[in-house]
Amino acid sequence: MNVSIEVELFGQRMKNPTMLASGILGTTADLLLSAVKGGAGAVVTKSIGKKPRDGHANPTVFEYNCGMLNALGLPNPGIDHFEKELSKLKGKEIFFIGSVFGSDGSEFSELAVRMERAGASAVELNLSCPHAKGLGAEIGSDPESVEIITQAVASSVEIPVIAKLTPNTSDIVALGKAAERGGADAVVAINTLKAMAIEPYLRKPALGNVIGGLSGQAVKPVGLRCVYELYEALDIPIIGAGGIESGIDAVEYLMAGASAVQVGTAIRGKGMAIFAEICAEIEDFMRSEGYKEVGDLRGLAHD
Amino acid sequence: MTDNPGYLVSKVLSKEEVAHRCFKIGFDSILKFQPGQFVMIWLPDIDEIPMSISHSGPDFTGITVKIVGEATEALGSVSKGDRIRVRGPYGKGFEPSGERPLLVAGGIGAAPLLPLAKQLAGRKSKIRAIIGARTQNELVLTDEFSDLGAETEISTDDGSAGFHGTAAELCRETVGKLEFDSIYCCGPEPMIVTIVEIAQRNGIWGQASVEKMMKCGIGICGSCAISDRLVCRDGPIFDLAHLDELHSMNKIF
Ligand SMILES: Cc1cc2nc3c(=O)[nH]c(=O)nc-3n(C[C@H](O)[C@H](O)[C@H](O)COP(=O)(O)OP(=O)(O)OC[C@H]3O[C@@H](n4cnc5c(N)ncnc54)[C@H](O)[C@@H]3O)c2cc1C
Ligand SMILES: Cc1cc2nc3c(=O)[nH]c(=O)nc-3n(C[C@H](O)[C@H](O)[C@H](O)COP(=O)(O)O)c2cc1C
Ligand code: FES
């Protein structure tokens, strides 16, 4: 049986529903291209701010078998430098999404405009990093700020605007609705869950910043729940993320209501080849369960 | 911490000053490693930094640290019995090859080359080592290389011992006089650039250890990227031919 995993997201075609999640190796043009080569349908850049930023002191990661913590603290070269890096993608067949972070609507808008000029197919607003003061989830857990920032960006660029939401809230639907009201074309759920680790034999928190974000397998049930709730409440597409390692994980997100999925932590073990693997597994599932179009899976878990 | 076996809180077993502000430190964890691989060492409240594994024994693993800043100062200040957290080993090590290998170390660059020399000595290779430093009291691990049977020459930038000049210059001279079938090197970037060129010109295969800012060490953050390669995962050891290619595309150094 012929199956198609092509998807259309805000009017643009993606060869498959998988994307490289923001912050996982998306620091150079060559790495973004290697994700495409590995089979990703789209790639999201590392979150970029106005100025270069070192991020938090090491240790910036802590691993578990079922996931990991990171407290990188948004290290990035700043938009001036990153624009030059992105210019290397000009003329390449690549669906890339520019991720940006800032402290208010005008900063977000300015960065989004620069991403648009650099050739981004869409812009993703990082309203959800859980370990950076005055940025990310600190502003992204307030629906009003989410709406204001989304609106500011949506009125400044032509390209689609994606709001990336934080699960560190009692009501992610309120955040999703705020993004939708602000004019977002899609939302991503989820960013990492606020968490920490302690090194008992040294009697110390195991991350330089003490608090970090949990990702990987361990957060999949939380991500699925968020996507499920958002699907019930929103009209705009939802991009699912959190602990996706296999085609079956991706299928679960699609059934919860996602139109596409992002993969981050799983790249640690398998490298960029994981995208092709996930796609092949989605196709296998569709064949064995009798689905022709990947879009037919969307929201199946809902009544 | 049974869930992540690569993370070890280790006890410092030995510490020895091997050069000016340079210490060889052994800790009580047994790591299975390839020469050239590195570990991330955490100095609480300060930093977590990459260190090449420089030596090992049946009941310990060791590093050799040169003090250059706050974290290396803290590492150089540990005492016997202190605890440090080590994770790794990470990265891709050297591929031991050649019957007549040439090892070139600039400064603390001798650290990852020492276990390679041991491995090559085990393969009965006829090793020649060039150990360079700015000045005599900064020469690192020279006796250790000699003890492994390597024919060891030293160079100092100021001429205070051995050849007067850089390790790269001595390398050029040595390659002009003698035959080698592999070159391994670790040291400052200008030295590696010169050796890449020497190796290419003489058609000798080789590898170098490359440094980049390490954060995660596990190939997820992109901090150590060179083009589409990650120093922590695909390196820190790279073929000289590959470095030459990257260099000519302006992607490294
Ligand atoms: C793969 C690898 C193996 C290494 N092996 C050894 C070794 O065996 N012995 C040894 O003495 N040194 C080694 N180094 C270098 C060592 O990691 C740095 O000297 C150390 O991180 C400096 O920290 P600091 O706080 O003392 O100095 P700082 O003042 O913080 O920095 C001094 C210099 O070290 C570099 N540096 C700082 N932090 C890092 C980091 N997280 N990753 C990479 N570079 C950094 C900076 O670029 C700077 O130029 C290695 C580096 C790498 C990448
Ligand atoms: C090392 C690391 C760095 C990250 N950096 C960013 C970032 O810069 N911007 C962002 O929006 N999300 C960032 N994230 C979150 C991921 O994009 C993703 O939302 C989250 O990790 C859940 O997906 P996963 O379980 O597949 O990793 C980062 C995650 C990790 C593990
Ligand atoms: S240090 Fe993070 S990818 Fe290499």
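Residues numbered from 1 in each chain as written. Chains lettered and ligands numbered in written order. Predicted model: local features only at pLDDT ≥ 70, side-chain atom pairs only at ≥ 80, totals over all residues. Heavy atoms only, no water.

1. Quick notes on the sheet that holds strand β11 (residues 182–186) of chain B
By way of backbone hydrogen bonds, the strands of a sheet pair with one another, either parallel or antiparallel.
All names here are of chain B.
Logical step 1: A sheet is described by the order of its strands in space; here seven strands give the open sequence β10-β9-β8-β7-β11-β12-β15, paired in mixed fashion. The open sheet has two edge strands with one neighbour each: β10 (163–164) and β15 (237–239).
Logical step 2: Where helix α2 (residues 110–122) meets the sheet, its contacts fall on β7 (101–106) and β11, and the angle it forms with β7 comes to roughly 160 degrees.
Logical step 3: Against the sheet, helix α5 (residues 189–202) makes contact with β7, β11 and β12 (206–209), and its axis sits at roughly 170 degrees relative to β11, the strand it touches most. (Pairing = 2+ DSSP bridges. Helix = DSSP H or I, 4+ residues; strand = E, 2+ residues; numbered from the N terminus. Contact = heavy atoms within 4.5 Å. Axes fitted to C-alpha atoms, helices over the stretch in contact; angles between N-to-C directions.)

2. Describing the site of ligand 2
Residue and element names in this part refer to chain A.
Logical step 1: For ligand 2, the set of nearby residues contains 21 residues, the closest of which are Ser 22, Ser 47, Lys 164, Gly 243 and Thr 265.
Logical step 2: Contacts to ligand 2 include Lys 164, whose side-chain N or O atom sits 2.7 Å from an oxygen atom.
Logical step 3: Calculation on ligand 2 without its partners gives an accessible area of 610 Å², and the protein chains cover 97% of this total.
Logical step 4: With respect to the pocket detection grid, ligand 2 is positioned in the largest cavity.
Logical step 5: Residues belonging to the shell around ligand 2 are distributed by class as follows: six nonpolar, 13 polar and two charged. (Near = heavy atom within 4 Å. Polar contact = N/O pair within 3.5 Å; in protein donor to acceptor, adjacent residues only side chain to side chain. Areas by Shrake-Rupley, 256 points an atom, 1.4 Å probe, with all protein chains shown as cover. 1 Å grid on protein atoms, 1.4 Å probe; cavity = no way out; pocket = protein on both sides within 12 Å on 5 of 7 lines; lining within 4 Å. Sits in = over half its atoms within 2 Å of the grid points. Nonpolar A, V, L, I, M, F, W, Y, C, P; charged D, E, K, R; others polar.)

3. Points about the pattern of salt bridges
All names here are of chain A.
Logical step 1: Applying the stated criterion across every chain, the model contains 26 salt bridges over all chains.
Logical step 2: Among the salt bridges present, the one from Glu 252 reaches Lys 220, with a minimum N-O distance of 2.8 Å. Note that Glu 252 is positioned in helix α8 (residues 247–256) and Lys 220 in helix α7 (residues 220–233), a separation of 32 residues in sequence.
Logical step 3: Taking the relative accessible area as the measure of exposure, Glu 252 reaches 29% and is therefore partly exposed. (Salt bridge = Lys/Arg side-chain N within 4 Å of Asp/Glu carboxyl O. Buried < 20%, exposed > 50% of the residue type's maximum accessible area, 1.4 Å probe, protein only.)

4. A look at the interface of chain A and chain B
Accessible area lost when the parts come together is the quantity often used to give the size of an interface.
Logical step 1: On the side of chain B, 30 residues touch chain A, which itself brings 35 residues to the contact.
Logical step 2: Across the chain A-chain B interface, the total number found is eleven residue pairs in polar contact (both at pLDDT 80 or more).
Logical step 3: When residues of the side of chain A that touches chain B are traced back to their parent elements, those giving at least two are α1 (29–37), β5 (61–64), β12 (198–199) and β13 (204–205) of chain A.
Logical step 4: Looking at the side of chain A that touches chain B, the element that brings in the most residues is β5(A), giving four residues.
Logical step 5: Grouping the amino acids of the side of chain A that touches chain B by side-chain chemistry returns 17 nonpolar, eleven polar and seven charged.

5. Here's the deal with the side chain of B:Ser182
All names here are of chain B.
Logical step 1: You can see Ser 182 is positioned in strand β11.
Logical step 2: Classification of Ser 182 by relative accessible area gives buried; the value is 0%.
Logical step 3: Here the side chain of Ser 182 touches Ser 97 through a polar contact of 2.9 Å, landing on its backbone oxygen.
Logical step 4: Not counting chain neighbours up to four residues away, the residues in contact with Ser 182 comprise Ser 97, Gly 98, Arg 100, Pro 101, Leu 102, Ile 204 and Trp 205.

6. Digging into a negative patch on the surface
Logical step 1: A surface patch of like charges, here negative, comprises B:Asp157, B:Asp158, B:Glu169 and B:Glu173.
Logical step 2: In this fold, B:Asp157 is placed in the loop between β9 (151–156) and β10. (Patch = residues over 30% accessible without salt bridge, like charges linked within 9 Å, V, L, I, M, F, W, Y side chains within 5 Å. Lys, Arg positive; Asp, Glu negative; His and termini not counted. Charge placed at Lys NZ, Arg CZ, Asp CG, Glu CD.)

7. Quick notes on the packing of aromatic side chains
Logical step 1: Across all of its chains, the model carries five aromatic pairs over all chains by this definition.
Logical step 2: Considering the side-chain rings of A:Phe62 and A:Tyr64, the 5.2 Å spacing of their centres and the 70 degrees angle between planes classify their relative orientation as edge-to-face.
Logical step 3: Residue A:Phe62 is classed as buried on the basis of its relative accessible area, which comes to 2%.
Logical step 4: The exposure class assigned to A:Tyr64 is partly exposed, which follows from its relative accessible area of 25%.
Logical step 5: With centroids separated by 5.6 Å and ring planes inclined at 90 degrees, the aromatic side chains of B:Phe94 and B:Tyr184 adopt a geometry described as edge-to-face. Here B:Phe94, found in the loop between β6 (83–90) and β7, pairs with B:Tyr184, found in strand β11; they are 90 residues apart in sequence, far enough to count as distant.
Logical step 6: Aromatic rings pair up to connect A:Phe62, A:Tyr64 and B:Tyr7 into one cluster. (Phe/Tyr/Trp six-rings, centres within 6.5 Å; stacked < 30°, edge-to-face > 60°.)

8. Things to note about the site of ligand 1
Logical step 1: Neighbouring ligand 1 are 20 residues, the closest being B:Pro50, B:Thr64, B:Lys66, B:Ala71 and B:Thr72.
Logical step 2: Positioned at a junction of chains, ligand 1 has nearby residues supplied by chains A and B.
Logical step 3: Between ligand 1 and B:Pro50, the relevant distance is 2.8 Å, taken from an oxygen atom to a main-chain nitrogen or oxygen of the residue.
Logical step 4: Take B:Ala71: an N or O atom from its main chain is 2.8 Å from an oxygen atom of ligand 1.
Logical step 5: About the coverage of ligand 1: the protein hides 76% of its 860 Å² of free accessible area.
Logical step 6: Sorting the residues of the shell around ligand 1 by element identifies β4 (47–57), β5 (60–66) and α1 (70–76) of chain B as the ones contributing at least two each.

9. Re the environment of A:Ala260
Residue and element names in this part refer to chain A.
Logical step 1: Secondary-structure assignment places Ala 260 in strand β16 (residues 260–263).
Logical step 2: Along the backbone, Ala 260 and Ile 239 are 21 residues apart, and their C-alpha atoms lie at a distance of 4.9 Å.
Logical step 3: The residues touching Ala 260, leaving out its near neighbours within four places in the chain, are Leu 9, Met 14, Pro 17, Met 19, Ile 238, Ile 239, Gly 240 and Leu 254.

10. Section: empty space enclosed by the protein
Residues and elements named next belong to chain A.
Logical step 1: Counted according to the given criterion, the structure contains one cavity of 30 Å³ or more.
Logical step 2: Its volume calculated, the largest cavity comes out at about 510 Å³.
Logical step 3: Lining the largest cavity are 36 residues; nearest its centre among them are Ser 22, Ile 24, Asn 70, Asn 191 and Thr 192.
Logical step 4: For the lining of the largest cavity, the secondary-structure elements that each account for two or more residues are β6 (67–70), β8 (122–126) and β16. (Points joined across faces, edges and corners; volume = space filled by probe spheres on them.)

11. Describing the confidence of the model for chain B
Logical step 1: Overall, the predicted model of chain B reaches an average pLDDT of 94, with 98% of residues at or above 70.
Logical step 2: Here the predicted complex carries an ipTM of 0.92, next to a pTM of 0.95. (pLDDT = per-residue confidence, 0-100.)

12. Description of the environment of A:Pro130
Residue and element names in this part refer to chain A.
Logical step 1: On the secondary structure map, Pro 130 appears in the loop between β8 and α4 (137–140).
Logical step 2: Taking relative accessible area as the criterion, Pro 130 reaches 10% and is therefore assigned buried.
Logical step 3: A sequence separation of 59 residues divides Pro 130 from Ala 71, and the C-alpha atoms of the two residues are 8.5 Å apart.
Logical step 4: Every residue in contact with Pro 130, bar those within four places of it in the chain, is listed here: Ala 137, Asn 168, Asn 191, Thr 192, Lys 194, Ile 211, Gly 212 and Gly 213.

13. Side note on the nonpolar core
Generally speaking, soluble globular proteins have nonpolar side chains that are buried together.
Logical step 1: In this structure, B:Val104 and B:Leu243 are the most contacted members of the largest nonpolar core, which totals 145 residues.
Logical step 2: If one sorts the elements of this core by residue count, helix α10 (residues 274–289) of chain A sits on top with seven residues.
Logical step 3: When residues are assigned to domains, this core turns out to be shared by domain 1 (8–90) and domain 2 (101–248) of chain B, each giving three or more. (Core = buried A, V, L, I, M, F, W, Y, C linked by side-chain atoms within 4.5 Å. Domains from an automatic or database assignment.)

14. A few points about unusual backbone geometry
Logical step 1: For the bond from A:Ala189 to A:Ile190, the omega torsion is 15 degrees, close enough to zero to count as cis.
Logical step 2: Mapped onto the elements, A:Ile190 comes out in the loop between β10 (186–189) and β11 (193–195).
Logical step 3: At the junction of B:Gly235 and B:Pro236, the peptide bond is cis and its omega measures out at 0 degrees in the coordinates.
Logical step 4: Here B:Pro236 is to be found in the loop between β14 (229–230) and β15.
Logical step 5: The phi angle at A:Arg203 is positive, at roughly 55 degrees, despite the residue not being glycine.
Logical step 6: Turning to its location among the elements, A:Arg203 is positioned in the loop between β12 and β13.
Logical step 7: Residue classification places A:Arg203 among the exposed residues on the basis of a relative accessible area of 62%.
Logical step 8: Backbone geometry at B:Lys124 places phi at a positive 65 degrees, although glycine is not the residue there.
Logical step 9: Within the secondary structure, B:Lys124 is located in the loop between α2 and β8 (128–133).

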